[in-house]
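# Analysis of the macromolecular model
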Amino acid sequence: MRANGGIWSLQDLRDYRIVERAPSVGQYHGIRIVSASPPSAGGIGLIEMLNTLEPFELHRLQPAQRIHFIVEAMRRAYRDRAAYLGDPDFIDMPVAMLLDKAYARGLAQSIHPERATPSDLLAPPASSDRSRGDTSHFSILDSEGNRVAGTLTINYLFGAAFVAGDTGVLLNNEMDDFSAAVNAPNLYGLIGSPPNLIAPGKRPLSSMTPTFLETDDRIAILGVPGGSRIITMILLATLAFADGLPPQDWVSQDRFHHQYLPDTIQLEPDALDEHIRTALTRMGHKLTTLNRRYGDMQAILWNRKENQVEAASDPRGIGASDVFKVSVKESVR
Ligand code: DON
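Report on the accompanying structure.

About the thresholds
Residues numbered from 1 in each chain as written. Predicted model: local features only at pLDDT ≥ 70, side-chain atom pairs only at ≥ 80, totals over all residues. Heavy atoms only, no water. Salt bridge = Lys/Arg side-chain N within 4 Å of Asp/Glu carboxyl O. Helix = DSSP H or I, 4+ residues; strand = E, 2+ residues; numbered from the N terminus. Buried < 20%, exposed > 50% of the residue type's maximum accessible area, 1.4 Å probe, protein only. Expected span 1.5 Å × (residues − 1). Pairing = 2+ DSSP bridges. Contact = heavy atoms within 4.5 Å. Axes fitted to C-alpha atoms, helices over the stretch in contact; angles between N-to-C directions. Parallel < 35°, antiparallel > 145°, perpendicular 65-115°, else oblique. Left-handed = near helix turned anticlockwise from the far one by under 90°. Nonpolar A, V, L, I, M, F, W, Y, C, P; charged D, E, K, R; others polar.

A separate point is the pattern of salt bridges. The final tally for this structure, using the stated rule, is 17 salt bridges. A salt bridge links Glu54 to Lys101; its shortest N-O distance comes to 2.8 Å. One end of the pair, Glu54, is in the loop between helix H2 (42-53) and helix H3 (63-84); the other, Lys101, is in helix H5 (residues 101-109), with 47 residues separating them in the sequence. You can call Lys101 partly exposed: its relative accessible area is 36%. Between Glu72 and Arg76 there is a salt bridge, with its nearest N and O atoms 2.6 Å apart. Placement of both Glu72 and Arg76 in helix H3 is noted, with a separation of four residues, approximately one turn of the helix. Each member of the pair Glu72 and Arg76 is classed as buried. When salt bridges that share partners are traced, they join Asp254, Arg255, Glu268, Arg293, Asp314 and Arg316 into one network.

Here it is as structure tokens:
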């Protein structure tokens, strides 16, 4: 690193510690959500969006109306991501507030049923008092019910595309997950905000959302790469789980995303038919059709009542899933 102009010291490496943290936990219509803790915005973002959506009877709504409410929940949660979230070892975050159903009820009430809220109307985070081959996800369940939802990231494709000397260690470029400056967007267009400004020893704010969904008879394990869109992909999968759909539908459904700024709904090329797009435009939403589909979700559903396991991998990605039996003898050998 030094030979190449880097600023790391041996002391930095000595001082680095892995920290074990309690997951973020929430409830949505009887589903227990167990997901990533800060410094990822994943768990808090997911639970805040679900709490905001809970008062609406989503399954009764016309598609455009349903998407409108989901997008408005996304917009508000991503605003709060920028306003409040960062490394818990450095900043105080109002986690209890962000996970509180009463707070989400207030957010829900601020949603006009027929009009998009321009992101500019929501208080900007900067004025707050508080200051591919890139990310991989594994979902694993064993025959004893042990489970893992694990997402790891080096950020961009091949990280910094740099190996320090002959260490063989590919360096990440996680620095882009920090805010370089207030209001400066990063690669994913997430705006920079005070809580996530760079400081020595600080960890960058992430969007990784490895998640368990739990009801009395069903357990889901899921996660996905995809930068800022990770949290909303897990939201759409959670809503599909809540609707009783199978894992193949969670991973393959068309996706849409809103992240507060830029103030537009990002759509996969085939997502939402023309009349839904028109209805959303009439409500004041801006739409941006992306030139490709995104995500590589890996999901498992364990139906505990019927003791059945289904696994599904995103048709967009390179992941694969399987359910197989290994006898004890075989696994020892
Ligand atoms: O932790 C984060 O939010 C980012 N480093 C994730 C980057 C990512 O998912 C890129 N993969 N497609």
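What follows deals with H3. With 22 residues, H3 extends 31 Å from end C-alpha to end C-alpha; this agrees with the ideal 32 Å at 1.5 Å per step. Along H3, 20 of the 22 residues are buried, which leaves the element largely enclosed by surrounding structure.

For the rest of this paragraph, the subject is the sheet that holds strand E9 (residues 287-289). The strand order across the open sheet built from three strands is E7-E8-E9, with neighbouring strands paired in mixed fashion. Two strands close off the open sheet at either side, each with one partner strand: strand E7 (256-257) and E9. Pairing between strand E8 (residues 265-267) and E9: three bridges, direction parallel. What sits directly across from Ile265, in E9, is Leu287. Where helix H8 (residues 274-282) meets the sheet, it contacts E8 and E9, and its direction lies at approximately 145° from that of E9.

Time to look at the packing of H2 against helix H6 (residues 230-242). Their axes nearest at 9 Å, the elements H2 and H6 cross at an angle of 45°. Relative to H6, H2 is oriented oblique. When you trace H2 past H6, the crossing you get is right-handed. Between H2 and H6, the contacting residues are Gly42, Gly45, Leu46, Met49, Leu50 and Leu53 on the first element and Ile231, Thr232, Ile234, Leu235, Thr238 and Leu239 on the second. Partitioned by chemical class, the residues of the contact of H2 with H6 number eight nonpolar, four polar and no charged.

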